[in-house]
Amino acid sequence: MEIPAEIAEDWARIREGAEELIPERDWVDKLVRSRREKRPLRVKLGCDPSSPDLHIGHSVVLRKLREFQDMGHRVVFIIGDATGRIGDPTGRSETRPQLTEQQVKANADTYFQQVFRILDEAKTEIAFNSQWFRSLTFEDAIRLLAQMTVARMLERDDFEKRHAAGHAIHLHEFLYPLMQGYDSIMVRADIEAGGTDQKFNLLVGRDLQREAGQEPQVILTMPLLVGLDGKNKMSKSLGNQIGICEPPDQIFGKAMSITDEMMEEYYRLALGYPTAEARRLMEECRAGTAHPRDLKARLARELTARYHSEAAAREAEKRFNRVHRERERPEEMEELRLRLGSDGKLWICEALVQAELSRSNGEARRLIRQGGLKIDGQRVDDEMLELGRGSFDVQAGRRRFLKITLT
RNA sequence: GGAGGGGUGCCCGAGUGGUCAAAGGGAGCAGACUGUAAAUCUGCCGGCGCACGCCUACGGAGGUUCGAAACCUCCCCCCUCCA
């Protein structure tokens, strides 16, 4: 389709890295009008406040929103404290426990701290959707529900799959997309962004807005970042995430643990490299002109630097190399004090459990039997070892280090 | 309301009276190897100071039996078809 010259640059920037822009015609109209009338567009993003930790999967969309802000538009950030009670249907079907107002507030606060590492606070509006859902009557809810059919609901990929697989779908889950769409009406969204898994919900917003006499929002979906397991999308509940508030060593190390094949996506989505650039790096790698390890280290360094600093990233890399390439103990270790028993001794397994290096004595024994325990650099083979007073550099497995002082 | 199929360890899933702490896979952990916490290979993988022993565990509560994840009763939950 023909893109007017006046928005060509913005358009190219918006499209970079995005999965879909729907519908393109309306996008162009909105962008042109915005420019001519000098009216910033309202770009909506909703989030679920139930888990307050953002990870770099979230950063994909946030980064995109930041670009809109840099183009002069406004972001409307919705804390879904009402929708959060349902939880976006992802297969877990239980109604989530209602958070107290203080919990929501606390979660939201930490959320903002993280979000504004990426977004421009001055160009961000914040709303809690309980604001309008609290006063919605049952009758209003019926009206909302009446705008959707079961057949359409079942078009949603996730519902369809669960239905086909014979998994339960609870009725209240149908409410989620409708509530999200209702949010769009309330904040008069021009644009709503989300991951590709949000496509259905975003489209529902269009329908509801149209029904409410508003111009429907246009939607933008971003690809989902695959988690550290290389299989599922990054999500906290799967434990395959890199949190943006994690310490430098964690971010660096986790980034180093992705497979080679995943690097391109991480460069593109987590760091925002242009698609072409990310692909070029991978091709160099395949051609043998670049070493995959170096590329991965660069990825890890840049990712760490993004959420900490260049210096912190360099330090993290140094420590990583020391521990993993040179197989040496890190220069600094966390310290922990433990008390000896009344006989002036502490059984090694007990110490490992207390230090949370093992979950049970059995696990500690296994660690020792498998040759995974070193004290002061010496392998420990005796699982009955008793420690006395003193300070010990303990290494459990390849990468857990702790200085334990017994008193 | 009727008929049928299910609920097993962190997850998926096999198991229909003892040989079951329960196959197999995934996850996790360890070791080897390496280019890294990648890939691959090997091992471990409920708890108990480790004991061919005890405890806990196959949706819940009872029961049958020398012995139950398995059989019976009731209950709870999920799915499919019919109404």
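Keep in mind that what you see is a predicted model, and the values were worked out from it rather than measured.

Conventions used here
Note that residues are indexed from 1 along each chain, following the sequence as it is written. Here the convention is simple: chains get letters from A, ligands get numbers from 1, in the order in which they are written. Only residues with pLDDT of 70 or above have their local features reported here, since the model is predicted, and side-chain atom pairs are shown and tallied only from 80 upward, although totals for entire chains, interfaces and linings are computed over all residues. Only hydrogens and water are set aside when side-chain values are computed; all heavy atoms of the structure are taken into account. A run of H or I in DSSP counts as a helix once it spans at least four residues, and a run of E counts as a strand once it spans at least two, with each numbered from the N terminus. The buried label applies to any residue whose accessible area, calculated with a 1.4 Å probe on protein chains only, is under 20% of its type's maximum; exposed applies above 50%, and partly exposed to all values in between. By the convention used here, residues are in contact when the closest approach between their heavy atoms is within 4.5 Å. Exposure was quantified through the Shrake-Rupley algorithm and a 1.4 Å probe, taking into account, for residues, occlusion by the shown protein chains and nothing else. By definition, two strands form a pair when at least two bridges between them are found by DSSP. Interaxial angle, 0 to 180 degrees, is taken between N-to-C directions of lines fitted to C-alpha atoms, where a helix line uses only the stretch in contact. Note that the term roughly parallel is reserved for angles under 35 degrees, roughly antiparallel for angles over 145, roughly perpendicular for angles of 65 to 115, and oblique for everything else. Left-handed describes a crossing whose near helix is turned anticlockwise from the far helix through less than a right angle; right-handed describes the clockwise counterpart. Polar here means any residue outside two lists: the nonpolar Ala, Val, Leu, Ile, Met, Phe, Trp, Tyr, Cys and Pro, and the charged Asp, Glu, Lys and Arg; Gly therefore counts as polar.

## Some remarks on the overall build of chain A
Then, number 1: Helix and strand counts for chain A come out as 17 helices and 13 strands.
Then, number 2: Projected onto its principal axes, the C-alpha coordinates of chain A cover approximately 80 × 55 × 45 Å.
Then, number 3: Each of the 407 residues in chain A was classed as buried or not, and the buried ones make up 49%.
Then, number 4: Pairs at least 24 residues apart make up 69% of the contacts formed inside chain A by residues separated by at least 6 positions.
Then, number 5: Carbon and sulfur atoms make up 47% of the accessible area of chain A, which amounts to about 20900 Å² in all.

## Examining the sheet that holds strand S10 (residues 378-379)
Then, number 1: Spatially, S7-S13-S12-S9-S10 is the arrangement adopted by the five strands of the open sheet, whose pairing is mixed. Each edge of the open sheet is held by one strand with a lone partner, namely strand S7 (335-338) and S10.
Then, number 2: Taken together, the two bridges between strand S9 (residues 373-375) and S10 define a ladder with antiparallel strand orientation. Residue pairing across strands places Ile-375 opposite Gln-378, the latter belonging to S10.

## Notes on the packing of helix H12 (residues 263-270) against helix H13 (residues 275-287)
Then, number 1: Look at H12 against H13: their axes get within 9 Å of each other, and the N-to-C directions meet at 155°. When the axes of H12 and H13 are compared, the pair comes out roughly antiparallel. Along this stretch, H12 crosses H13, giving a crossing that reads as right-handed. Across the interface between the two elements, Met-263, Glu-264, Tyr-267 and Arg-268 of H12 pack against Thr-275, Ala-278, Arg-279, Leu-281 and Met-282 of H13.
Then, number 2: Residues of the contact of H12 with H13, tallied by class, amount to five nonpolar, one polar and three charged.

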